[in-house]
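Examining the three-dimensional arrangement
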Amino acid sequence: MLIITFWVCLFIVFYTYIGYGILIYILAKLAPYKLIDDIDLQEEKLPLISLFITAYNEADIIDEKMANCLSLAYPSDRLRILWVIDGSTDHSDTLLHRYPEVQVIHSPERRGKTAAINHGMQYVTTPFVIFTDANCMLNEDALKQIIRQFQDSSIGCVAGEKRIAFEDEDTISSKGEGVYWKYESFLKKMDFQYYSTVGAAGELFAIRTSLFKKMPEDTLLDDFMLSMRIVQKGYRIAYTPNAYAVERGSFDMHEEGKRKKRIAAGGWQSMQRLLPLLNIFKYGRLSFQYVSHRVLRWSIAPLALFMLWPLSLVLGIMDTSQNYVFFVIFGLQSICYFCAYIGMLKKSDSNVSSFFFVPYYFIFMNVNALKGIIYLLTNQQKGSWEKTKRR
């Protein structure tokens, strides 16, 4: 039983973090989903759109964000900018009134991001709505790149790319997140080529307004749930790396840990609410992608990862014909954990090598994935959002 458990854990860990990336790349090249020809939209044919921004106490970034919004290459007469202020105490709504092109929806009570989205969507009258965060800056052509994808009637949601900006003096919290998102962006791109991207990131994504459905206010991953509910209806999520949002990394590993715990908790919550997507006979390719890209990573892969080290040691000590194999795997894991430990000691050092910070961030991410279960149980009824302090 120990040997079987070991090999099952090893397979789960390898497949979740490496194997799926290899497999989806091969599948995307050998059996891609049929895409329509990409046609440039003439400016006079660009549709009316809404740029939807939710904010809580973002007064310090409003002017920079508005300068970015007004610099976007989209006809101003076809662009509606909507800010939903959720119980801010820093007079954000007052600052926004200086911009006549902005519609401000202000809620005096802080009820959380999901509630803010539900409330604000009542005021959206355009056929498409693009969501972005206040602390993210978009590239000039982002809106046009996103809208082009909606020429395909099977596309119900478009996910932009999230990029982490960091400088040489930044620490592991920024650099580790940056490495993670480079790999995640690769998976999203391959997922879309094969069939559909599995979920959108709230920094930049768009939907057909008619497909919006009000979400429970205790939803932790509003972006993921909103986009996956659309896929559940038979639409696909397009991935558009030419439309991207740039933000700074978390201020430190403590702040990054809080963010990872919320995401992990949201993952467990999402799995409960998206159980029908596990039906591969109904959802086919999507079910395969959803389980491989999300479910395994949020559920059993972290546990399998931390079971491997003691299992390989015990099996190596046991008198078996394969004990040398287990000792080799135990040794490789020990090197990884040692490098992660050095990375932890140097987490505030801006010059730490990727040889140390990548293993540390990987282990850190999986530890917080397990902590996410506790977070979900203790924050299930909380409606307010907990902000991540960024650089």
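Let me sum up the structure you'll find in this document. Model, not experiment: these values are computed from the prediction.

The helix and strand tally for the protein chain stands at 13 helices and 8 strands. Its C-alpha atoms give the protein chain a radius of gyration of 22 Å, near enough to 21 Å, the size a compact globule of 391 residues would have. Along the three orthogonal principal directions, the C-alpha set of the protein chain runs to about 75 × 45 × 40 Å. Accessible surface, the protein chain as shown: approximately 17900 Å² in total, 60% of it carbon and sulfur. Averaging the positions of the 43 positive and the 39 negative side-chain charges in the protein chain gives two centres separated by 6 Å.

With that settled, consider the state of the cysteines. Counted according to the given criterion, the structure contains 0 disulfides. Just so you know, C136 is unpaired, no disulfide at all, and the nearest cysteine sulfur is the one on C69, 11 Å from it. Here C336 stays free of any disulfide, with the sulfur of C339 as its closest cysteine sulfur at 6.9 Å. Taking the relative accessible area as the measure of exposure, C336 reaches 28% and is therefore partly exposed.

Our focus in this paragraph is the pattern of salt bridges. One pass over the structure, following the stated rule, counts 11 salt bridges. Residues E217 and R111 are paired through a salt bridge, measuring 2.3 Å at the closest nitrogen-oxygen approach. Of this pair, E217 sits in the loop between β7 (204–208) and α7 (222–232) while R111 sits in the loop between β3 (102–107) and α4 (113–120), and the two are 106 residues apart along the sequence. Note on R111: relative accessible area 31%, which makes it partly exposed. Across the pair K162 and E247 runs a salt bridge whose closest N-O atoms are separated by 3.2 Å. Within this pair, whereas K162 is found in strand β6 (residues 155–165), its partner E247 is found in strand β8 (residues 236–248), the two being separated by 85 residues in sequence. What emerges from the salt-bridge pattern is a single network uniting K162, E203 and E247.

Further remarks concern the sheet that holds strand β2 (residues 79–86). The 8 strands are arranged β3-β2-β1-β4-β7-β6-β8-β5 in an open sheet whose pairing can be described as mixed. This sheet does not close on itself; its edge strands, each paired only once, are β3 and β5 (137–138). Both β6 and β7 contribute to a ladder of 3 bridges, which runs antiparallel. Looking at the pairing, V158 lines up with A206 of β7. Packed on one face of the sheet, α4 meets β1 (49–55), β2, β3 and β4 (128–133) and runs near 145° to β1. The strands touched by helix α5 (residues 142–149) are β1, β2, β4, β5, β6, β7 and β8; relative to β8, the strand with the most contacts, the crossing angle is about 165°.

Position of N368 among the secondary structure elements: in helix α13 (residues 354–379). In contact with N368, not counting residues within four places along its chain, are G257, K260, K261 and A264.

So, about the side chain of T209. Its place among the elements puts T209 in the loop between β7 and α7. Contact partners of T209, with chain neighbours within four places excluded, come to M121, V124, T126, P127, F128 and V129.

Turning to its location among the elements, E203 is positioned in the loop between α6 (172–194) and β7. Among the residues examined, E203 registers a relative accessible area of 10% and is labelled buried. Separated by 41 residues in the primary sequence, E203 and Y244 place their C-alpha atoms 8.6 Å from one another. Filtering out sequence-adjacent residues up to four positions away, E203 remains in contact with F131, T132, D133, C136, L138, K162, A245 and E247. In terms of polar contacts, E203 uses its side chain to reach the side chain of K162, at 3.1 Å.

Glancing now at the packing of aromatic side chains. In total, this model carries 21 aromatic pairs according to the counting rule given. Centroid distance F11 to Y15: 5.8 Å. Interplanar angle 10°. Geometry classified as stacked. Here F11 and its partner Y15 are both found in helix α1 (residues 2–30), 4 residues apart, which amounts to about one turn of the helix. A residue is classified by how much of its surface remains accessible, and Y15, at 14% relative accessible area, is buried. A ring pair is formed by Y361 and F364, whose centres lie 6.4 Å apart and whose planes are at 35°; its orientation type is tilted.

Within soluble globular proteins, side chains that are nonpolar generally end up buried alongside one another. If you look at the biggest cluster of nonpolar residues, it comprises 83 residues, and the most contacted ones within it are F52, W83, F131, L143, I207, M228 and Y290. Residues contacting I207, with those up to four places away along its chain left out, are P127, F128, V129, F131, F150, G156, C157, F212, L226 and I230. Ranked by size, the runner-up nonpolar core spans 24 residues in total, among them Y17, Y361, I363 and M365.

What counts and what doesn't
Residues numbered from 1 in each chain as written. Predicted model: local features only at pLDDT ≥ 70, side-chain atom pairs only at ≥ 80, totals over all residues. Heavy atoms only, no water. Helix = DSSP H or I, 4+ residues; strand = E, 2+ residues; numbered from the N terminus. Rg over C-alpha atoms; globule rule 2.2 N^0.38 Å. Areas by Shrake-Rupley, 256 points an atom, 1.4 Å probe, with all protein chains shown as cover. Lys, Arg positive; Asp, Glu negative; His and termini not counted. Charge placed at Lys NZ, Arg CZ, Asp CG, Glu CD. Disulfide = S-S within 2.5 Å. Buried < 20%, exposed > 50% of the residue type's maximum accessible area, 1.4 Å probe, protein only. Salt bridge = Lys/Arg side-chain N within 4 Å of Asp/Glu carboxyl O. Pairing = 2+ DSSP bridges. Contact = heavy atoms within 4.5 Å. Axes fitted to C-alpha atoms, helices over the stretch in contact; angles between N-to-C directions. Polar contact = N/O pair within 3.5 Å; in protein donor to acceptor, adjacent residues only side chain to side chain. Phe/Tyr/Trp six-rings, centres within 6.5 Å; stacked < 30°, edge-to-face > 60°. Core = buried A, V, L, I, M, F, W, Y, C linked by side-chain atoms within 4.5 Å.

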